[in-house]
Amino acid sequence: MEDLGSVTWPPEPIRTERLVLREPEPRDRAAFVELLASPEVHTYLGGPRPRDELERELPRVPQRAPGSFVVELDGAMIGQILLRRATGHRRPAAAGKADLGYLFLPRAWGSGYATEACTAALGWLDGEFPGEPVVLTTQSANTGSMRLAAKLGFTEVERFEAWGAEQWLGMRAAARPSA
């Protein structure tokens, strides 16, 4: 995966009804460690990383790259959205397209925050790259992620085996540029 390419970064923070999407800051480091070390978050992602390893290796300002948004609720990080270019994707249908990824702390699950944040991030992407299709890959057993993909307008392109489990690849049709 690569960054999106030529975009103005960081953008102004994106505000939704309840959330702020913004560039990562040093104050987010502890939440990143919690997110990446969480067994619940990584159930369908190959397992968590060891907390002590993260504490040693994670930079002071994690994931500071175009397309990497912290999702903030009431001044605290609750998740991350990643929009990257899927240049090396294993599936030909996804190669070279924008790829949506997201991680949310378990305490933020079930409140619609992922839908709200992903919708805002995709809106930003549509403004930067009008007409760009977007792909999303998740383990088909991850029912929460499958529901989110459907809410966001992703439709199945294919299922395939990888990392010892069935994976689902969906695509969101290119948003029409407004006239």
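Details of the structure are given in the entry above.
Chemist: Just to check I follow, could you spell out the overall build of the protein chain for this structure?
Modeler: In terms of regular secondary structure, the protein chain is built from four helices and eight strands. Each helix and strand of the protein chain, placed in order from N terminus to C terminus, yields the pattern β-β-α-α-β-β-β-α-β-α-β-β. Rg of the C-alpha trace for the protein chain: 16 Å, near the compact-globule value of 16 Å for 179 residues, within the 12% margin. By its C-alpha atoms, the protein chain is 40 × 40 × 30 Å across when sized along the principal axes. Restricting the contact set of the protein chain to residue pairs at least 6 apart, pairs at least 24 apart contribute 64%. Surface exposure of the protein chain reaches about 9,100 Å², of which carbon and sulfur atoms provide 50%. Where the 21 positive side-chain charges of the protein chain centre and where its 24 negative ones centre are 1 Å apart.

Chemist: What exactly am I supposed to notice about the nonpolar core here?
Modeler: Taken as a class, soluble globular proteins show a tendency for nonpolar side chains to be buried jointly. With 34 residues, the main nonpolar core has L21, F69, I81, L83, L100, W124 and F154 as its most contacted residues. For this core, the secondary-structure elements that each account for two or more residues are β2 (19-22), β3 (68-73), β4 (76-85), β5 (98-104), α3 (113-128), β6 (134-139) and α4 (143-151). In this structure, A31, F32, L36 and M77 belong to the second largest nonpolar core, which totals 13 residues.

The rules we used
- Residues numbered from 1 in each chain as written.
- Predicted model: local features only at pLDDT ≥ 70, side-chain atom pairs only at ≥ 80, totals over all residues.
- Heavy atoms only, no water.
- Helix = DSSP H or I, 4+ residues; strand = E, 2+ residues; numbered from the N terminus.
- Rg over C-alpha atoms; globule rule 2.2 N^0.38 Å.
- Contact = heavy atoms within 4.5 Å.
- Areas by Shrake-Rupley, 256 points an atom, 1.4 Å probe, with all protein chains shown as cover.
- Lys, Arg positive; Asp, Glu negative; His and termini not counted.
- Charge placed at Lys NZ, Arg CZ, Asp CG, Glu CD.
- Core = buried A, V, L, I, M, F, W, Y, C linked by side-chain atoms within 4.5 Å.
- Buried < 20%, exposed > 50% of the residue type's maximum accessible area, 1.4 Å probe, protein only.

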